[in-house]
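Residue-level listing of the chains:
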Amino acid sequence: MIIPTLRVDKKEKYKHLVEVYRKQNIKVLRVNMARHTLERYCEDIQYLQAIANDQFEIMADLPIPGKKYRLELLDEQEIAVKEKDMLVFLARNSKKEKGIPVGIAAFPVELKGCRILIGDGELRLRVQESSPESIKAIAENVAIIRGKRAFVLAEKMPYELYSKDFLAAYLKALKEIQPSKVVLSFAEDISELTKLKDIFEKQLPNASVVPKLETQKAIENCSEIFDLFEEVMLGRGDLALFGDVKRFGENQELVLRTAQEKKRNVIVATDILGSLYDNVIPSRGDLTDLYYLKKMGCKDIVASAGISMREDLFGAFCEFAQGFRLTAKN
């Protein structure tokens, strides 16, 4: 099954996408709820459900609790970056005119020396100067920044438990949109997951809870996590950032093999067919990635928002993914 990722957009865009997804026989839409207000997500999802006559199930992907260190670049333009380029990032409340806007009212003050990662790690930067309204950082490699990419303050991404206030706010919102799946980001602690599973199943009996494995500890605990849950999401983007990157292939294979052994499902996300941004034909690495996922029994893959929100790219994504027979048969 192919699962497109929705990005908050104008209502006219949603009307068009509904028809695009219908043509591709899409059943589930993923909504990453990390970058806007709960009110906006509820409004947009309810609007989409209404115009689609509830044809699509909703997979609500909850953010990490606590402070938002995974932010969003607000520009939609593409920026070519060279190694050692100095880039300026601006908070929403900044009065400065030149720089790349980031979706946060004000930056944390103490960021000098902190590493910044753009997207899923395509660009690394090191902070040279910081203030609440702006950050100056030097690029450590050559890259192209695409608009609306993630902006991660890497050393500031802590694991935090879900607070009562956080749970109450999201449960209230989820009851309004009635998702079929609730994804828990940065899931890794078995005792915490046991509590959350009980809470969500009682409050949302028609939704399945899906832990997202994105850290080295989550990988090490995956066997116990599979004992608790029927399916998980493998968040490969953040796993490459916050797991042991040298063990990335080993980590992915461990999760997929454990799922096979325990007859569980893995929803694979992040950087699938990403080369379609630049090429009509996917890279050989992307084609090999698809082959490997099929060989390991993967049935569900997630398309990134950048691909899902563009008809041409999403059509190509479906063509290649379906060609490898990764979609589940109806």
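Residues numbered from 1 in each chain as written. Predicted model: local features only at pLDDT ≥ 70, side-chain atom pairs only at ≥ 80, totals over all residues. Heavy atoms only, no water.

### Focus: the overall build of the chain
Helix and strand counts for the chain come out as eleven helices and 17 strands. Taken against the 2.2 N^0.38 rule, which gives 20 Å for 330 residues, the C-alpha radius of gyration of the chain at 19 Å falls within 12% of a compact globule. Projected onto its principal axes, the C-alpha coordinates of the chain cover approximately 50 × 45 × 45 Å. Looking at the 330 residues of the chain, the share that counts as buried comes to 52%. Charge-centre separation for the chain: the mean point of 52 positive side chains lies 1 Å from the mean point of 50 negative side chains. (Helix = DSSP H or I, 4+ residues; strand = E, 2+ residues; numbered from the N terminus. Rg over C-alpha atoms; globule rule 2.2 N^0.38 Å. Buried < 20%, exposed > 50% of the residue type's maximum accessible area, 1.4 Å probe, protein only. Lys, Arg positive; Asp, Glu negative; His and termini not counted. Charge placed at Lys NZ, Arg CZ, Asp CG, Glu CD.)

### Overview of the sheet that holds strand E1 (residues 2-6)
One closed barrel holds the eight strands; their spatial order is E1-E2-E3-E13-E14-E15-E16-E17, and the pairing between them is parallel. Here the average twist between neighbouring strands, direction ignored, is 25°. Judged from the four bridges that link them, strand E3 (residues 57-62) and strand E13 (residues 181-184) form a sheet pairing that is parallel. Bridge pairing in E13 links Asp61 to Val183. (Pairing = 2+ DSSP bridges. Axes fitted to C-alpha atoms, helices over the stretch in contact; angles between N-to-C directions.)

### Here we look at the packing of aromatic side chains
Two aromatic rings, taken as a pair, are described by how far apart their centres are and by the angle between their planes. All told, the structure shown has six aromatic pairs when counted by the stated rule. For the pair Tyr21 and Phe314, a centre-to-centre distance of 5.2 Å together with 75° between the ring planes defines the contact as edge-to-face. Of this pair, Tyr21 sits in helix H1 (residues 11-23) while Phe314 sits in helix H11 (residues 311-323), placing them 293 residues apart in sequence. Centroid distance Phe314 to Phe317: 6.4 Å. Interplanar angle 5°. Geometry classified as stacked. Of this pair, Phe314 and Phe317 both sit in helix H11, three residues apart, which is roughly one turn of that helix. (Phe/Tyr/Trp six-rings, centres within 6.5 Å; stacked < 30°, edge-to-face > 60°.)

### Some remarks on the pattern of salt bridges
One pass over the structure, following the stated rule, counts 17 salt bridges. Linking Glu43 and Lys11 is a salt bridge whose minimum nitrogen-to-oxygen distance equals 3.3 Å. Of this pair, Glu43 sits in helix H2 (residues 38-51) while Lys11 is found in helix H1, placing the two residues 32 residues apart along the sequence. In this structure, Glu231 and Lys181 form a salt bridge, with 2.5 Å as the shortest nitrogen-oxygen distance. Here the residue Glu231 occupies a position in strand E15 (residues 231-235), and Lys181 occupies one in strand E13, the gap between them amounting to 50 residues. (Salt bridge = Lys/Arg side-chain N within 4 Å of Asp/Glu carboxyl O.)

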